[in-house]
Amino acid sequence: MADSVFECRSAGITLPLRSGVRPIIADISLELKSAEFLTIVGPSGTGKTTLLRMLGGLAPPTSGAVLVRGEVLAGPPEGVVIVFQDYANALLQWRSVAANVAFGIERTMSRAQCNERVRDALNLVGLLDRADDFPWQLSGGMQQRVQIARALALRPAVMLMDEPFAALDAMTKAGLQDELLRLRDQTKVSFVFITHDIEEAVYLGDRVAVLNGSPGRIEHIVDIDLPFPRDQITTRQLPAFLAYRYDLHKAIGHA
Amino acid sequence: MRSRFGAASINWPGMAVLAIVLAAWEALVRSGAVSFEFFPAPLAILQGGIQLARDGVLFADLAHTLISIALGWTIAMAIGVSLGLLLGFSPLVRRYGLATIEVLRPIPGIAFAPVGLLLFGFSLQTELAVTVLPTLWPVMINTMGGIANAHPRLNDVGRTFRLSRGDIVLRILLPAALPSIIVGARISLGLALVMAIVAEIVGNPAGLGYAIVREQQAMNPENMFAYIAVVGVLGVLLNAGVLGLTTSLWPATAQRPAA
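Below you will find a few notes about this structure. (Residues numbered from 1 in each chain as written. Chains lettered and ligands numbered in written order. Predicted model: local features only at pLDDT ≥ 70, side-chain atom pairs only at ≥ 80, totals over all residues. Heavy atoms only, no water.)

## With respect to the sheet that holds strand E3 (residues 37–41) of chain A
Residue and element names in this part refer to chain A.
Next up, step 1: The mixed open sheet is built from six strands, whose spatial order is E6-E7-E8-E3-E9-E10. One side of each edge strand has no neighbouring strand; the edge strands of this open sheet are strand E6 (80–83) and strand E10 (217–223). Direction aside, the axes of adjacent strands within the sheet are offset by 20° on average.
Next up, step 2: In this sheet, strand E8 (residues 190–195) lies alongside E3 in parallel orientation, the contact comprising five bridges. Within E8, the position partnered with Thr-39 by the bridge is Phe-193. (Pairing = 2+ DSSP bridges. Helix = DSSP H or I, 4+ residues; strand = E, 2+ residues; numbered from the N terminus. Axes fitted to C-alpha atoms, helices over the stretch in contact; angles between N-to-C directions.)

And the structure:
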């Protein structure tokens, strides 16, 4: 693995609430290497989304520091893009699928170049034939793929994904998981992928970080040593997969 | 899928009901089952309308009302959209301004007719004052709502794509509010028609509203009803016109099912 893209040095976020100040996440130290797939798993209310927003530059750390390629993060960094959980709110409903995907690049490149990028991105997520539809004409899984394509069109170095498949059915979810792994191989993008689904975290991740407690802290980071390409049936039956699953459930406190 | 001009597709079953109602009206009056001295049947009203059109009076009256609706609605749109944007974007303006608006808004526009008469006399200014005031509220409230109720996620999307604050407003928040602004504009236009007619009846002796009173006082019920029918048709056409215009300008806003 090459050099690190993100580095958190005991970063934390404390928010002022009506009941006084409340620490949301604390003492976060972790590193993301280029082309790495890092999944972050944890129960609800442990600050997973806050951690992701911090990495995406939407919520500045109130203690510690976050470095992007060695520089202190100030606002949303270049080459880093967030894919939100609620695709229906995150897509621009008045734009066609193609125009949504073009949103992040249409101002910075020529029409021809932009069209080519949009075609490539839609091709990667398998939605080339729906380019002229509007988001509300697509299924939930397709809408989330549009959001992923919109992020991919930027050719980002890092994609930050906030429980992107939480609202989808199991079959759609499995398909999209495999699509992400394929995308990582094709594009060498790094992923930070938040989920509350332990199996999903193990299946996708090179490493799994466990966020737990209140304020949320990184309690464990587990290297996932499972063979690639991963397969929805055989990988999930491997004794090693089941052992990771067991260990992580235990770490979160389900055992 | 609707035709290019939105409401232009004709609802035949609905038209059939309308035709039956008119036929029944005609039959009741002709048979003498319903008998008032000044209650004409639809065909007589139609004849009255045709005669008014031939004489050219109808078009002169129509032109006056159309101009005052256009003026009143344009002024109301300009004020309403500007105030609505201000209120939508600034919580501070909402905090200080909304109470005043909530006091003024429920006052029926017609209540300002005597005020207008006192200030401007029997004139177009009175008509505009009576038209603009109630007409600006719907578009103002809908503009404010469209901006203030835009989902916070849209702001996050703008930021993660590294847009400036100005670009977030222009490329995300205004387009997101557009359907709501258009709905407000349509309600306002309908109201502008109503208020223009009312103002012409009580304030400015001109246009379709005054013509209804004029024909009533001249004891020409056919002509009076003909003018009422013209006002109704005008309302339908204005609404269809705005719908068609917005559909062709922004196809996505018209196709999207109501949220």
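## Brief notes about the interface of chain A and chain B
Next up, step 1: The interface is formed by 26 residues belonging to chain A together with 19 residues belonging to chain B.
Next up, step 2: Joining chain A to chain B, the criterion identifies four salt bridges.
Next up, step 3: Where chain A packs against chain B, one counts nine residue pairs in polar contact (both at pLDDT 80 or more).
Next up, step 4: The greatest single-element share of the side of chain A that touches chain B, amounting to three residues, is contributed by E6(A).
Next up, step 5: Residues that form the side of chain A that touches chain B fall into these classes: 15 nonpolar, four polar and seven charged. (Contact = heavy atoms within 4.5 Å. Salt bridge = Lys/Arg side-chain N within 4 Å of Asp/Glu carboxyl O. Polar contact = N/O pair within 3.5 Å; in protein donor to acceptor, adjacent residues only side chain to side chain. Nonpolar A, V, L, I, M, F, W, Y, C, P; charged D, E, K, R; others polar.)

## What to know about the side chain of B:Thr143
All names here are of chain B.
Next up, step 1: Relative to the assigned elements, Thr-143 resides in helix H6 (residues 124–148).
Next up, step 2: The exposure class assigned to Thr-143 is buried, which follows from its relative accessible area of 0%.
Next up, step 3: Within the structure, the side chain of Thr-143 is placed 2.6 Å from the backbone oxygen of Val-139, a separation counted as a polar contact.
Next up, step 4: With residues up to four places along the chain from it excluded, the contact list for Thr-143 reads Val-81, Gly-84, Leu-85 and Ile-181. (Buried < 20%, exposed > 50% of the residue type's maximum accessible area, 1.4 Å probe, protein only.)

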